[in-house]
Amino acid sequence: MTKTPTLWAALTPVVALLTAVVIALITKGSEFVADYGYAMLLGAAAVALIAGIVSSKLDNKRLMDGLRTSARQTLPAVPILLLIGTVSATWMLSGVVPMLIEAGLTYIHPPLFLLTTCCVCAFISLLTGSSWTTIATIGMAFMGIGTMLGVAPGWIAGAIISGAYFGDKMSPLSDTTVLAAASSEVNLFSHIRYMLITTIPSLVIALTVFIIAGSMMTLRENVEQSTMIHALEQTFNLSPWIFVIPVLTAILIIMRINTLLTLLISTLLGLGGIFIFQPQIVAQFGNGEFLSSCKTALHILLTDTAIPTGDESLNELVATGGMKGMLSTIWLILSAMLFGGVMMGTGLLARITQAFTSLLRNRVSAVGATAASGLFLNSATADQYLSIIVGANMYRNLYSRLGLEGRLLSRTLEDSVSVTSVLIPWNSCGVTQSAVLGVSTLTYLPYCVFNYLSPIMSLLVAITGFKIVELTHQQPERISPEPDAVILR
């Protein structure tokens, strides 16, 4: 029989990881955490393995099951990340992003930039059901517009992420929304309607903050904006026909074409756009012959590309990294996958989740524990899908025994898992969005108003009891799920 780990042993790897992050943040800064987060995760995985061996008889089969479960959820993100790198490169060099930047500098009222950014990203994400795709396309364009206006990177990223994750959370096309409803055994549209109670107030507050912040910022003058627009026009051939590329991509997304295929086609459209619309850029890398063109295409897709514009701030903005730019992100995600797999496979995560649920007695404590668990699971598993599944398995029976509706569980999971995953520096969402936007997770975290308000709003609504139906008032004396049943159901 495998011995159940002690709670102290189970908490040791998580405490070690968080301690390392805090010390590195204080002594070295957020960039150090972003650059060496993989080492902290690998160290935490080693601590977890040792804690599992010392505190219980390690079951090799269970360890492998945990690693396989973590890998099954994490590895599909790797090719997506590589293709996001190629989309970013080809959309920049084909002129898609420069066109959007020019439009933004021309038509967006600067004090309302953050509000506009959040609303547009929310709308696109609501239509597509994908925060990742929204951020990698229109989000990247808004990043460029905001940079040119002189808005702080943290504020820009916060507005983009707030909007994108609102749309992702509320869209019936979102995989996390479908997963939260299914895992909690709730009708999808009932789940979405119930989320409006906590989601709309969170969004309204976030938009209010963005309006106030935008009105208080000192932004670049129109003369400087005109200079940057001129530099863009001198570097790129900005034609309305370029918008064919994002329009066709949007059609693919709305048609629910496979994500990998959509990104691949979008990459090819962007690559074709470079040769069709930007021959002057192609000429910088080759002589126009077939073999030279193939070499140029591979260079753009695989590695760094720098285009001189005559403006230092623009030079940095239009530089691309291709697949190479995503390698550090992939390494961090693989390290997080190993950490999450070891935590599950050693039974340490199950022991912690058991402690979360064993003393709960009422509605407020159940919702509060679910929200806290969501943040913890996002940190411990480094993956939002695993966190939703584990969280639903942890609390489904508890909510039933407390007479609470399943849609309360599904809503709390969305409020505390789906939208906070992007705030964890080593979570797959945090790692990805940080790499795509070029802003460290800890830099944009304070400005993702919608994301950190969501679990707070969930708890406040639970305290008031607004629209919460309690089916029975019978409370169990003690609820303590079996660790293995919670994790590897």
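Note that the structure is predicted; figures quoted are calculated from it, not measured. (Residues numbered from 1 in each chain as written. Predicted model: local features only at pLDDT ≥ 70, side-chain atom pairs only at ≥ 80, totals over all residues. Heavy atoms only, no water.)

(A) Spatial organisation of the overall build of the protein chain. Scanning the protein chain for helices and strands turns up 25 helices and 0 strands. A compact globule built from 489 residues would reach a C-alpha radius of gyration of about 23 Å, and the protein chain, at 23 Å, matches this within 12%. Overall size of the protein chain, expressed as C-alpha extent along the three principal axes, is 75 × 45 × 45 Å. Here the protein chain holds 489 residues, and the buried ones make up 57% of them. For the protein chain, contacts bridging at least 24 residues in sequence account for 81% of all contacts bridging at least 6. As displayed, the protein chain offers around 19,900 Å² of accessible surface, 67% of which is attributable to carbon and sulfur atoms. (Helix = DSSP H or I, 4+ residues; strand = E, 2+ residues; numbered from the N terminus. Rg over C-alpha atoms; globule rule 2.2 N^0.38 Å. Buried < 20%, exposed > 50% of the residue type's maximum accessible area, 1.4 Å probe, protein only. Contact = heavy atoms within 4.5 Å. Areas by Shrake-Rupley, 256 points an atom, 1.4 Å probe, with all protein chains shown as cover.)

(B) Structural context of the packing of aromatic side chains. Taken as a whole, this structure holds 7 aromatic pairs when the rule is applied. Taking the centre distance of 6.4 Å and the plane angle of 80° together, the rings of Tyr395 and Tyr399 count as edge-to-face. Of the two residues, Tyr395 and Tyr399 both sit in helix α20 (residues 384-401), 4 residues apart, roughly one turn of that helix. Ring-pair connections join several aromatic residues into one group, and the members of that group are Tyr36, Tyr38 and Trp331. Here the basic side chain of Arg411 rests over the ring of Tyr194, its NZ or CZ set 4.2 Å away from the ring centre. (Phe/Tyr/Trp six-rings, centres within 6.5 Å; stacked < 30°, edge-to-face > 60°. Lys NZ or Arg CZ within 6 Å of the ring centre and 35° of its normal.)

(C) Up close: the side chain of Arg62. Take Arg62: it is sitting in helix α3 (residues 60-74). Overall, the relative accessible area of 11% leaves Arg62 in the buried class. At 3.1 Å, the side chain of Arg62 and the backbone oxygen of Thr346 are in polar contact. (Polar contact = N/O pair within 3.5 Å; in protein donor to acceptor, adjacent residues only side chain to side chain.)

(D) Layout of the nonpolar core. Phe113 and Tyr165 are the most contacted members of the largest nonpolar core, which totals 137 residues. When residues in this core are grouped by element, the largest group, 11 residues, is from helix α4 (residues 77-93). Excluding its chain neighbours within four sequence positions, the residues that come into contact with Tyr165 are Ser131, Trp132, Ile135, Ser418, Val419, Ser421, Val422, Cys429, Gln433, Phe450 and Asn451. (Core = buried A, V, L, I, M, F, W, Y, C linked by side-chain atoms within 4.5 Å.)

(E) Seen up close, helix α5 (residues 96-107). Between its first and last C-alpha atoms α5 spans 17 Å; for 12 residues at 1.5 Å apiece the expected length is 16 Å, and the two agree. Where burial is concerned, most of α5 is hidden: 9 out of the 12 residues are buried. Those residues of α5 that fall on the buried side of the exposure criterion are Val96, Val97, Pro98, Met99, Leu100, Ile101, Glu102, Gly104 and Leu105. (Expected span 1.5 Å × (residues − 1).)

(F) Region of the structure containing helix α8 (residues 153-170). With 18 residues, α8 extends 26 Å between its outermost C-alpha atoms, agreeing within 8% with the 26 Å of an ideal straight helix rising 1.5 Å per residue. Buried residues dominate α8, accounting for 17 of its 18 residues.

(G) Looking closely at the packing of α4 against helix α7 (residues 131-149). One can describe the packing of α4 onto α7 by two numbers: an axis separation of 10 Å at closest approach and a directional angle of 15°. The angle between α4 and α7 places the two elements in the roughly parallel class. By crossing handedness, the relation of α4 to α7 is classed as right-handed. Mapping the contact onto sequence places Ala77, Ile80, Leu81, Ile84, Ser88 and Trp91 in α4 and Trp132, Ala136, Thr137 and Met140 in α7. In terms of residue class, the contact of α4 with α7 is built from 8 nonpolar, 2 polar and no charged. (Axes fitted to C-alpha atoms, helices over the stretch in contact; angles between N-to-C directions. Parallel < 35°, antiparallel > 145°, perpendicular 65-115°, else oblique. Left-handed = near helix turned anticlockwise from the far one by under 90°. Nonpolar A, V, L, I, M, F, W, Y, C, P; charged D, E, K, R; others polar.)

(H) Highlighting the confidence of the model for the protein chain. When pLDDT is averaged across the protein chain, the result is 84; 93% of the residues are at 70 or more. Summarising per-element confidence for the protein chain, the mean pLDDT is lowest in helix α25 (residues 483-487) (36) and highest in α8 (95). Scored below 50 in pLDDT, residues 473-489 makes 37 contacts in the model with residues more than four places away or belonging to other chains. (pLDDT = per-residue confidence, 0-100.)

(I) Structural detail: unusual backbone geometry. Even without being a glycine, Glu185 presents a positive backbone phi close to 60°. Relative to the helices and strands, Glu185 is located in the loop between α9 (175-183) and α10 (188-216). Under the relative-accessibility criterion, Glu185 is labelled exposed at 60%. Phi at Lys467 takes a positive value of approximately 60°, unusual for a residue other than glycine. Owing to a relative accessible area of 53%, Lys467 belongs among the exposed residues under this scheme.

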